[in-house]
2 protein chains.
Amino acid sequence: MAQKLLIIGGVAAGMSAAAKARRVDPELEITVYTDDEYISYAGCGLPYFIGGRFTEKASLIARTAEEFAAQKIIVKTGIRAEEIKADTKTIVLKDLKNDQVFSDQYDRLIIAAGARPFVPPMDGSELKGVFTLRTIHDSLNIKDYLHHQKPVKAAVIGGGYIGLEMAESLLEQGCEVSIIERAPHIIPNMDEDMALIVTDYLQSKGVKVYTDTAVAGFSGEQRVTMVNTDKGPIEADFVLLSIGVLPNGEIAARAGIELGIRGAIRVNDRMETNIKDIFAAGDCATTRHLISGEEVYIPMGTTANKQGKAAGENAAGGQASFKGVLGTGIARVIEMEISRTGLSERECRQLGIDYIAKKIKANSAAHYCPASGEIHIKLIADRRDKRLIGAQIVGLQGSAMRIDMLASAITMQATVEDLIDMDLAYSPPFSPVWDPVLVALNQF
Amino acid sequence: MAQKLLIIGGVAAGMSAAAKARRVDPELEITVYTDDEYISYAGCGLPYFIGGRFTEKASLIARTAEEFAAQKIIVKTGIRAEEIKADTKTIVLKDLKNDQVFSDQYDRLIIAAGARPFVPPMDGSELKGVFTLRTIHDSLNIKDYLHHQKPVKAAVIGGGYIGLEMAESLLEQGCEVSIIERAPHIIPNMDEDMALIVTDYLQSKGVKVYTDTAVAGFSGEQRVTMVNTDKGPIEADFVLLSIGVLPNGEIAARAGIELGIRGAIRVNDRMETNIKDIFAAGDCATTRHLISGEEVYIPMGTTANKQGKAAGENAAGGQASFKGVLGTGIARVIEMEISRTGLSERECRQLGIDYIAKKIKANSAAHYCPASGEIHIKLIADRRDKRLIGAQIVGLQGSAMRIDMLASAITMQATVEDLIDMDLAYSPPFSPVWDPVLVALNQF
């Protein structure tokens with residue numbers, strides 16, 4: 001009899017797992033359950049959908065349920081997984097359309113339940129006009145609100161990548177935008193000196209940036225009109241709460257599955273949990289940092305896809321591993337690009353790593369080319385062996401993707417010496433004759 | 001008494017050598033002789049100067065003679081080196097302004113004499129309207145001709161990077177453009193399948209592309225009107241000859257300095273020639289290919305700067321080495337970007353390397369983003385150990401700079417396996433969730 005794979009979750013990790021499992025084992029019975037109405041969508045595209053860069057939500061869908069069906073992958077939407085019974089290899093499910101409870105059995109189970117926006121207890125968070133952004137449903141609600149209520153003053157709470165991308169989209173919708181960040185600087189996964197360049201840029205574009213500012217709650221009659229902070233009230237008739245996510249690990253924990261850092265489901269590099277035949281992948285799962293070796297929770301679409309692929313392969317009887325991440329990230333806000341990989345100075349200090357950091361400012365292309373703009377690069381190396389362990393880039397057009405060559409170098413455990421004469425591409429529209437990365441390497 | 005360094009050549013390698021030598025030894029007497037009127041200019045910027053992207057030739061100058069003088073680097077322009085007398089450590093020079101011959105003595109000599117356009121014997125190459133492009137002087141002549149003669153039909157002979165960049169500039173000047181290439185395809189340092197994508201693109205933009213077409217000469221009354229080829233005549237009232245360069249190695253050869261491949265001055269990784277205290281660097285010198293280990297002649301601005309820097313350091317008593325190149329190259333023509341690094345399939349065959357090549361077509365960014373365009377990537381790996389040895393990219397905006405992450409990986413001798421899970425940057429304006437490079441790596 002064919003083996004049966006159940007997957008909880010139908011976005012990046014879940015659907016990658018399903019697709020890979022099918023390729024490995026054409027006979028496997030594969031069923032995906034998701035409480036969402038949409039599957040296989042690009043969550044990272046939602047700010048651009050809201051900003052109106054494209055108008056069809058279908059554009060966000062990588063592959064439809066029909067396409068999966070053609071591969072004999074059954075996708076059941078609007079169904080929530082309620083309980084995992086590991087002893088009987090059963091999951092209990094609830095159909096959200098009619099509240100009917102039923103169960104299904106598995107030989108292998110992949111938990112790809114994702115994450116949900118973190119919303120701490122705050123007065124007035126139920127007011128109209130206060131949103132989080134995680135699903136297509138959220139984005140449609142926000143679009144609808146922007147269209148019908150035409151808010152004038154938008155507050156984005158949380159100055160991470162999604163906060164910045166939404167700031168851009170809200171500016172494009174004609175809003176005045178404030179970013180409110182509890183930490184001492186925006187983009188908390190970068191160092192302050194780099195983040196401040198972005199702050200200056202945002203302010204030059206009319207964005208108000210409040211840092212070291214804690215939100216206590218919201219006020220308004222039905223609709224939000226004010227964000228109340230420890231520094232005083234900030235007017236806002238639209239609020240996006242974007243202060244991070246929590247892994248959906250509870251269903252696993254109730255089943256006796258071990259959780260790791262920040263409540264994410266602990267997996268090894270085969271995506272196995274501590275219970276046989278149960279795998280986890282994506283935003284509900286931990287991963288490992290390739291430099292520190294530590295368990296980390298850095299939910300990213302790319303990692304979800306890779307973990308899902310590995311989980312799918314292994315659940316289908318294959319031998320895949322996913323070794324971990326560098327914490328690579330990139331974002332654009334208006335014309336300013338931001339990227340990072342590896343460890344920041346702050347992370348080095350927290351880990352007790354003795355490091356050298358060097359920072360340069362240069363042009364991203366030949367100075368006489370229109371595409372040329374300011375680029376700031378910080379490189380961080382281990383002091384003992386000058387092995388590169390981190391990089392951060394902030395700059396105008398064409399700056400940020402240079403992070404990939406540094407991610408590749410760090411993956412290969414390159415030292416500054418290994419890289420200093422690298423034969424990088426040069427042509428005036430793309431770079432100066434000394435690429436800014438080489439200039440930065442030459443500082444060590 | 002202070003040691004004396006003479007440098008022949010005042011562009012990338014020569015001036016990099018001078019600047020580095022000064023930093024290493026503040027006391028060194030440094031004199032640069034050049035037969036050009038301009039120094040320290042960005043030769044690769046000339047097509048953009050001609051295209052009118054900027055109007056001041058001063059923008060091409062990285063540093064002026066005055067700036068060098070402030071560092072006690074004496075720059076003498078309009079003076080041609082005629083002879084090197086190694087036994088007496090003397091060079092014979094001619095002042096081109098008054099034909100006066102004089103000599104100067106050195107403790108160390110760096111030959112950074114550059115290269116000159118290759119112009120084979122062809123009838124009519126002296127006609128007005130037939131140009132080569134190497135110096136600022138050339139570019140001023142071309143600009144002047146375009147401005148006053150307003151040519152209608154431009155022929156670019158040679159479909160390499162400069163030919164393509166000039167095709168773009170000539171289109172912007174309103175010319176009809178033909179590219180005439182003797183080889184079976186344009187961009188001879190890429191494989192045919194990749195080059196054909198660019199050919200199709202150029203044709204879609206109205207450029208006529210003639211391949212396998214040998215130019216015999218030119219005809220016209222005073223001004224050129226026709227390019228005569230083995231496939232018949234092609235109308236043209238402007239012709240750019242851009243079929244490669246020849247290293248200026250003759251002065252070295254006459255002094256008993258050993259030449260290497262293609263007549264370039266043979267240097268070791270310290271930039272030393274076979275004669276003590278004589279170094280060479282830049283477009284007149286050989287270098288080593290980091291993958292094949294073979295001596296190669298791949299004149300590039302980047303390499304000239306790096307070799308110049310190493311030569312300058314060593315000539316000033318330091319200990320620098322420059323290990324070699326990957327043959328990395330990049331260019332843009334209109335909106336199509338082209339890049340390559342390492343070995344092509346053809347080069348692998350010539351070297352007898354048993355390789356695997358994989359090619360993919362993808363989107364350069366999330367498909368719903370305006371910046372997304374077609375990207376084609378070819379990766380080449382050694383069949384024995386799947387070590388990456390070459391990459392070629394052709395695609396629209398944001399495609400080509402991905403070559404640097406592959407150059408970095410190849411520098412580190414990465415295998416496909418090392419790279420397949422690389423934590424690359426993802427955000428919709430920059431890439432799809434599976435970066436095209438990862439998609440290509442997944443084909444192996």
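Residues take numbers from 1 onward in each chain, read along the sequence in its written order. In the order they appear in the text, chains get letters beginning with A and ligands get numbers beginning with 1. Whole-chain, interface and lining totals are the exception, using all residues; otherwise, since this is a predicted model, local features are given only for residues with pLDDT of at least 70 and side-chain atom pairs are given and counted only at 80 or more.

Student: Sorry, what's going on with the overall build of chain A here?
Tutor: Within chain A, the secondary structure is distributed over 12 helices and 25 strands. Here the radius of gyration uses the C-alpha set of atoms, whereas the globule reference equals 2.2 Å times the residue count to the power 0.38. Taken against the 2.2 N^0.38 rule, which gives 22 Å for 444 residues, the C-alpha radius of gyration of chain A at 23 Å falls within 12% of a compact globule. Expressed as lengths along the three principal axes of its C-alpha atoms, the size of chain A is roughly 65 × 60 × 40 Å. The contact criterion used is a C-beta to C-beta distance within 7 Å, with each C-beta placed from the backbone. In chain A, of all internal contacts separated by at least 6 residues, the share reaching a separation of at least 24 is 63%. Comment: elements are numbered from the N terminus, with helices defined as DSSP H or I runs of at least four residues and strands as E runs of at least two.

Student: In this structure, what is going on with the interface of chain B and chain A? I would like to understand it.
Tutor: Put simply, an interface is often sized by how much accessible area is lost when its parts join up. Each side of the interface is counted separately: chain B has 54 residues, and chain A has 54 residues. Of all elements in the fold, only α8 (301-315), β21 (329-333), β22 (336-342), α10 (403-411) and α11 (416-419) of chain B reach the threshold of two or more residues within the side of chain B that touches chain A. The dominant element in the side of chain B that touches chain A, judged by the number of residues it contributes, is α10 of chain B, at seven residues. The classification used treats Ala, Val, Leu, Ile, Met, Phe, Trp, Tyr, Cys and Pro as nonpolar, Asp, Glu, Lys and Arg as charged, and all other residues, Gly among them, as polar. When the residues that make up the side of chain B that touches chain A are grouped by side-chain class, the tally is 32 nonpolar, 13 polar and nine charged.

Student: Would you mind going over the pairing of strand β11 (residues 176-180) of chain A with me for this structure?
Tutor: Side chains on a regular strand alternate between the two faces of the sheet. Residue and element names in this part refer to chain A. Buried means a residue has 20 or more other C-beta atoms within 10 Å of its own C-beta, exposed means 12 or fewer, and partly exposed covers the counts in between; C-beta atoms are placed from the backbone. Judged by how many residues are buried, β11 sits mostly within the fold: four of five residues are covered. The pairing of strand β10 (residues 153-157) with β11 spans five bridges and is parallel. Within the sheet, the bridge partner assigned to Ala154 lies in β11 and is Val177. The handedness rule is simple: strands pointing away from the viewer, and a clockwise path from the first strand over the helix to the second, make the crossover right-handed. The β-α-β motif built from β10, the intervening helix α5 (residues 161-172) and the parallel element β11 has right-handed crossover chirality. Pairing between strands is defined by DSSP: at least two bridges between them are needed. By the bridge criterion, three bridges tie β11 to strand β12 (residues 208-210) in an arrangement that is parallel. Looking at β12, one finds that Ile179 is bridged to Val209.

Student: Where do I start with the environment of Gly317 of chain A in this structure?
Tutor: Residue and element names in this part refer to chain A. One can find Gly317 in the loop between α8 (301-315) and β21 (329-333). Taking the C-alpha atoms as reference points, Gly317 and Arg80, 237 residues apart in sequence, are found 27 Å from one another. Non-local contacts of Gly317, meaning those with residues more than four positions away in its chain, are made with Val24 and Asp25.

Student: Any chance you could explain helix α1 (residues 12-24) of chain B here in plain terms?
Tutor: Within an α-helix, residues lying three or four positions from one another point in the same direction, as the helix has 3.6 residues per turn. Residue and element names in this part refer to chain B. Each residue after the first adds 1.5 Å to the expected span of a helix. A rise of 1.5 Å per residue sets the reference length of α1, with its 13 residues, at 18 Å; its end C-alpha atoms lie 18 Å apart and thus fit the reference within 8%. When we look at burial in α1, the residues that qualify are Ala12, Ala13, Gly14, Met15, Ser16, Ala17, Ala18, Ala19, Lys20 and Ala21. Where α1 is buried, its residues meet β1 (4-8), β2 (29-33), α3 (65-70), β3 (73-76), β7 (108-111) and α8.

Student: I tried to follow the packing of α1 of chain B against α8 of chain B on my own but got confused; where do I start?
Tutor: Two quantities define a packed helix pair, namely the angle between the helix axes and the distance between the axes. All names here are of chain B. Here α1 crosses α8 at 35°, and the two axes come no closer than 7 Å. When you trace α1 past α8, the crossing you get is right-handed. Each of Ala12, Ala13, Gly14, Ser16, Ala17, Ala18, Ala19, Lys20, Ala21 and Val24 in α1 lies in contact with α8, whose residues at this interface are Gly301, Ala304, Asn305, Gln307, Gly308, Lys309, Ala311, Gly312, Glu313 and Ala315. Its residues assigned to classes, the contact of α1 with α8 shows 10 nonpolar, seven polar and three charged. Inter-axis angles, ranging from 0 to 180 degrees, are taken between N-to-C directions of lines fitted to C-alpha atoms, where helices are fitted over the stretch in contact. Should the near helix be turned counterclockwise from the far one by less than a right angle, the crossing is left-handed, whereas a clockwise turn marks it as right-handed.

Student: Even after reading the chapter, I still don't get the relation of the copies chain B and chain A, so can you show me in this structure?
Tutor: The relation between the two copies of this chain is a rotation about an axis and a shift parallel to it. Note on the identical chains: chain B maps onto chain A by a rotation of 180° and an axial translation of 0.0 Å, with an RMSD of 0.0 Å. The superposition of one copy onto the other is thereby described by a two-fold rotation axis. No C-alpha of chain B lies nearer the rotation axis than that of Met405 of chain B, which sits 1.8 Å from it. A share of 100% of interface residues in chain B that are also interface residues in chain A marks the association as one of identical surfaces. Superposition of the copies was done by least squares, using only C-alpha atoms of residues whose pLDDT is at least 70 in both.

Student: Explanation requested: the domain arrangement of chain A in the structure shown.
Tutor: All names here are of chain A. As used throughout, domain bounds are those supplied by an automatic or database domain assignment. By the assigned domains, chain A splits into domain 1 (4-41 + 59-116 + 245-315), domain 2 (119-241) and domain 3 (336-441). Residue-level contacts link eight residues of domain 2 with 10 residues of domain 3. Class assignment for the residues of the side of domain 2 that touches domain 3 results in six nonpolar, one polar and one charged.

Student: Explain the environment of Ala17 of chain A here, please?
Tutor: Residues and elements named next belong to chain A. Within the fold, Ala17 resides in helix α1 (residues 12-24). Residue classification places Ala17 among the buried positions, given that 34 C-beta atoms sit within 10 Å. Through-space distance from the C-alpha of Ala17 to that of Cys284 is 14 Å; in sequence the pair is 267 residues apart. Once residues within four sequence positions are removed from consideration, Ala17 is found in contact with Ile7, Ile110, Ala112, Ala281, Gly308, Lys309, Ala311, Gly312 and Ala315.

Student: Mind showing me how you'd approach the sheet that holds strand β9 (residues 130-132) of chain A here?
Tutor: To summarise the sheet geometry, strands pair through backbone hydrogen bonds and adopt either a parallel or an antiparallel arrangement. Residues and elements named next belong to chain A. The five strands lie next to each other as β9-β16-β10-β11-β12, forming an open sheet whose pairing is parallel. Where the open sheet ends on each side, the last strands, each with one partner, are β9 and β12. Between one strand axis and the next, the sheet turns through 20° on average, direction left out of account. Pairing between β10 and strand β16 (residues 238-241): four bridges, direction parallel. The residue bridging Ala154 from the neighbouring strand is Phe238, located in β16.

Student: Before we go on, may I ask you to explain the nonpolar core in this structure?
Tutor: Nonpolar side chains in soluble globular proteins tend to end up buried together. A set of buried residues qualifies as a nonpolar core if it consists of Ala, Val, Leu, Ile, Met, Phe, Trp, Tyr and Cys joined through C-beta atoms within 7 Å. Counting 311 residues, the largest nonpolar core has Val239 of chain A together with Val239 of chain B as its most contacted members. Aside from chain neighbours lying at most four places away, what touches Val239 of chain B is Gly129, Val130, Phe131, Ala155, Ile157, Phe218, Val224 and Val227 of chain B.

Student: Sorry, what's going on with the sheet that holds strand β5 (residues 90-95) of chain A here?
Tutor: Residues and elements named next belong to chain A. Strand order in the open sheet made by the three strands is β4-β5-β6, with antiparallel pairing throughout. Of all the strands in the sheet, the pair left with one neighbour each is β4 (79-85) and β6 (100-105). In this sheet, adjacent strand axes meet at a mean angle of 25° when their direction is disregarded. In the sheet, β4 pairs with β5 via six bridges, with the strands oriented antiparallel. Looking at the pairing, Glu83 lines up with Val92 of β5.

Student: Sorry if this is basic, but what is going on with the packing of helix α10 (residues 403-411) of chain A against α10 of chain B here?
Tutor: Relative orientation of the contacting elements α10 of chain A and α10 of chain B amounts to 20°, with a least axis distance of 8 Å. Taken as axis vectors, α10 of chain A and α10 of chain B run roughly parallel relative to one another. The interaxial crossing formed by α10 of chain A with α10 of chain B has right-handed handedness. The segment α10 of chain A lies against α10 of chain B, with Asp404, Met405, Ser408 and Ala409 of chain A engaging Asp404, Met405, Ser408 and Ala409 of chain B. Per-class residue counts for the contact of α10 of chain A with α10 of chain B are four nonpolar, two polar and two charged. Note that the term roughly parallel is reserved for angles under 35 degrees, roughly antiparallel for angles over 145, roughly perpendicular for angles of 65 to 115, and oblique for everything else.

Student: Explanation requested: unusual backbone geometry in the structure shown.
Tutor: With the exception of glycine, most residues fall at negative phi, and the peptide bonds are largely trans. Residue and element names in this part refer to chain A. Backbone geometry places Lys89, a non-glycine residue, at a positive phi of 50°. Assignment of secondary structure puts Lys89 in the loop between β4 and β5. Lys89 gets classed as partly exposed once you count the C-beta atoms within 10 Å, which come to 18. Non-glycine residue Met271 carries a positive phi angle of around 70°. Note on placement: Met271 falls in the loop between α7 (250-254) and β18 (278-280).

Student: Explanation requested: the pairing of β1 of chain B in the structure shown.
Tutor: All names here are of chain B. Of all five residues in β1, four are buried; the element is thus mostly enclosed. Pairing geometry for β1 and β2, over five bridges, is parallel. The residue bridging Ile8 from the neighbouring strand is Tyr33, located in β2. Regarding the hand of the β-α-β motif, the stretch spanning β1, α1 and β2 is right-handed. Sheet analysis places β1 next to β7, joined by four bridges and oriented parallel. Along β7, the bridge assignment pairs Ile8 with Ile111.

Student: What am I meant to see in helix α6 (residues 192-204) of chain A here?
Tutor: Residues and elements named next belong to chain A. Taking 1.5 Å as the rise per residue, α6 with 13 residues should run 18 Å; its terminal C-alpha atoms sit 18 Å apart, in good agreement. Those residues of α6 that fall on the buried side of the exposure criterion are Met194, Ala195, Val198, Tyr201 and Leu202. For α6, the angular spread of buried residues about the axis comes to 115°, placing them on one side. Projecting away from the buried face of α6 at angles above 90 degrees are the exposed residues Asp200, Gln203 and Ser204. Each element contacted by the buried residues of α6 is listed here: β11, β12, β21, β22 (336-342), β24 (374-382) and β25 (388-395). Downstream of α6 by a residue or two, Gly206 has a phi angle that is positive, lying close to 90°. Within this analysis, the arc is defined by the directions that extend from the helix axis to the C-beta atoms.

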